[in-house]
Amino acid sequence: MRRRLLLALAAAPFAGCGFALRQSPRLPFRSVALVGFAPQSPLAATLRRQLAASQVQVVDAPSRADAVFEALIDSREKSVVASTAAGQVRELQLRVKLRFRVATPSGRLLLGADELLLTRDMSYSETAALAKAQEEAQLYRAMDEDIVGQVLRRLAAIRGA
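Within each chain, residues carry numbers counting from 1 in the order of the written sequence. At least 70 in pLDDT is required for a residue's local features to be given in this predicted model, at least 80 for side-chain atom pairs to be given and counted, and no such filter applies to totals for whole chains, interfaces and linings, which use all residues. Calculated side-chain values reflect all of the structure's heavy atoms, with hydrogen atoms and water omitted.

Comments concerning the sheet that holds strand 3 (residues 67–83)
In a beta sheet, neighbouring strands pair by backbone hydrogen bonds and run either parallel or antiparallel.
Then comes step 1: Judged by pairing direction, the sheet is mixed, and its five strands sit side by side in the order 2-1-3-4-5 without closing on themselves. In this open sheet, the two edge strands, each paired with only one partner strand, are strand 2 (57–59) and strand 5 (109–123). Looking at each pair of strands side by side, their axes are set apart by 30 degrees on average, direction ignored.
Then comes step 2: By this definition, two strands are paired if DSSP reports at least two bridges between them. In DSSP terms, a helix is any run of H or I states spanning at least four residues, a strand is any run of E spanning at least two, and both are numbered starting from the N terminus. Note: strand 1 (residues 31–35) against strand 2, three bridges, orientation parallel. Bridge assignment links S31 to a residue of strand 2, and that residue is Q57. Throughout, an axis means a line fitted to C-alpha atoms (over the contacting stretch in the case of helices), and angles, computed between N-to-C directions, take values from 0 to 180 degrees.

Laid out in structure tokens, this is it:
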């Protein structure tokens, strides 16, 4: 009995700390149609996966969905930011841009056109081209995850879906 009491008293300071793992936000609809994405869009694949984790069904026909997520712009860009006098690339800038809107199948706008743009700078060296290509792919995946997280938070804020 005494041992249980000591254990309970030792654990008491941690009982109300409020710590909880981050969870996907609750969305106000049960099904969504994704339209406007390129056929092999990595951003669309990430969004599908995160929506499924949030218990939202992704359907192909917009008429069967509670909401229609329309990608107006889904682009990835890479540009040279810095180069040497000899013309060798030293720094790149990676950009992921998503412009979207959300409506009901009948056309009522739930979320007007919104744009998300993420940029990351990356050093570059020709001697480590393969490693830099892998770093670029990893940065794009991280940016996709970040954009999808922002999209889900915006979708969770929709009222009256």
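From this point, the discussion proceeds with the structure in view.
Things to note about the packing of aromatic side chains
Each aromatic ring pair is described using two quantities: the centre-to-centre distance and the angle formed by the ring planes.
Then comes step 1: Note on aromatic pairs: the rings of Phe, Tyr and Trp (six-membered ring only in Trp) are paired at centre separations within 6.5 Å, and the planes decide the class, stacked below 30 degrees, edge-to-face beyond 60, tilted for the rest. For the coordinates displayed, the defined rule picks out two aromatic pairs.
Then comes step 2: Aromatic pair F37 and F69: ring centres 6.0 Å apart, planes at 5 degrees, arrangement stacked. With F37 in the loop between strand 1 and helix 2 (42–53) and F69 in strand 3, this pair connects stretches of sequence that are 32 residues apart.
Then comes step 3: Their ring planes at 15 degrees and their centres at 4.9 Å tell us that F69 and F100 sit as a pair that is stacked. Of the two residues, F69 sits in strand 3 while F100 sits in strand 4 (residues 89–103), which places them 31 residues apart along the sequence. Across the pair, F100 and F69 agree in class, each one buried. Note on classification: 1.4 Å probe, protein chains only; a residue is buried when its accessible area is under 20% of the maximum for its type, exposed when over 50%, partly exposed between these limits.

Examining the pattern of salt bridges
Then comes step 1: Note on definitions: salt bridges are taken to be side-chain nitrogens of Lys or Arg within 4 Å of carboxyl oxygens of Asp or Glu. Tallying each qualifying case throughout the model produces eleven salt bridges.
Then comes step 2: Salt-bridge contacts for R76 lead to D144; the nearest nitrogen and oxygen are separated by 2.3 Å. In this pair, R76 is assigned in strand 3 and D144 in helix 3 (residues 129–156), connecting sequence segments 68 residues apart.
Then comes step 3: In this structure R76 comes out as partly exposed when scored by relative accessible area, which is 36%.
Then comes step 4: Linking K97 and E115 is a salt bridge whose minimum nitrogen-to-oxygen distance equals 4.0 Å. Here the residue K97 occupies a position in strand 4, and E115 occupies one in strand 5, the gap between them amounting to 18 residues.
Then comes step 5: Residue K97 is classed as partly exposed on the basis of its relative accessible area, which comes to 24%.
Then comes step 6: The exposure class assigned to E115 is partly exposed, which follows from its relative accessible area of 35%.
Then comes step 7: Put simply, K97, R99 and E115 are held in one network by salt bridges that share partners.

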